[in-house]
Amino acid sequence: MTKPRSDADRMRRREPYDAAAGVAGPRLPPWTTADGYPCYLRTDGRGYLSTLADSIEAIQLGMGEELLNTPARS
């Protein structure tokens, strides 16, 4: 039987990844697990999944910017 994780351990694993500040930690990529739960990625920021997450986030930000700059239709 495995030992249950402490609250402090759970919180430590949920600290966000902040590339701008140089803080490495679990990253919340722009996708979920098959069951719809958040998916946390532990990475150094240079691997395949980090690159994939960066690409998807860039596309999502571009789509959001395009949507915000589109005039409303009457």
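Residues numbered from 1 in each chain as written. Predicted model: local features only at pLDDT ≥ 70, side-chain atom pairs only at ≥ 80, totals over all residues. Heavy atoms only, no water.

Peer 1: Residue-level account of the overall build of the protein, with values.
Peer 2: The secondary structure content of the protein amounts to 2 helices and 0 strands. Among the 74 residues that make up the protein, the fraction classed as buried is 11%. Sequence-distant contacts, at least 24 apart, represent 27% of the contacts inside the protein between residues at least 6 apart. Summed over all atoms, the accessible surface of the protein reaches about 6500 Å², with 57% contributed by carbon and sulfur. (Helix = DSSP H or I, 4+ residues; strand = E, 2+ residues; numbered from the N terminus. Buried < 20%, exposed > 50% of the residue type's maximum accessible area, 1.4 Å probe, protein only. Contact = heavy atoms within 4.5 Å. Areas by Shrake-Rupley, 256 points an atom, 1.4 Å probe, with all protein chains shown as cover.)

Peer 1: Which residues make up the confidence of the model for the protein, and what are the values?
Peer 2: Considering every residue of the protein, the mean pLDDT works out to 76; 65% of them sit at 70 or more. With pLDDT under 50 throughout, residues 10–14 is counted as low confidence; its partners more than four residues away or in other chains account for 6 contacts. (pLDDT = per-residue confidence, 0-100.)

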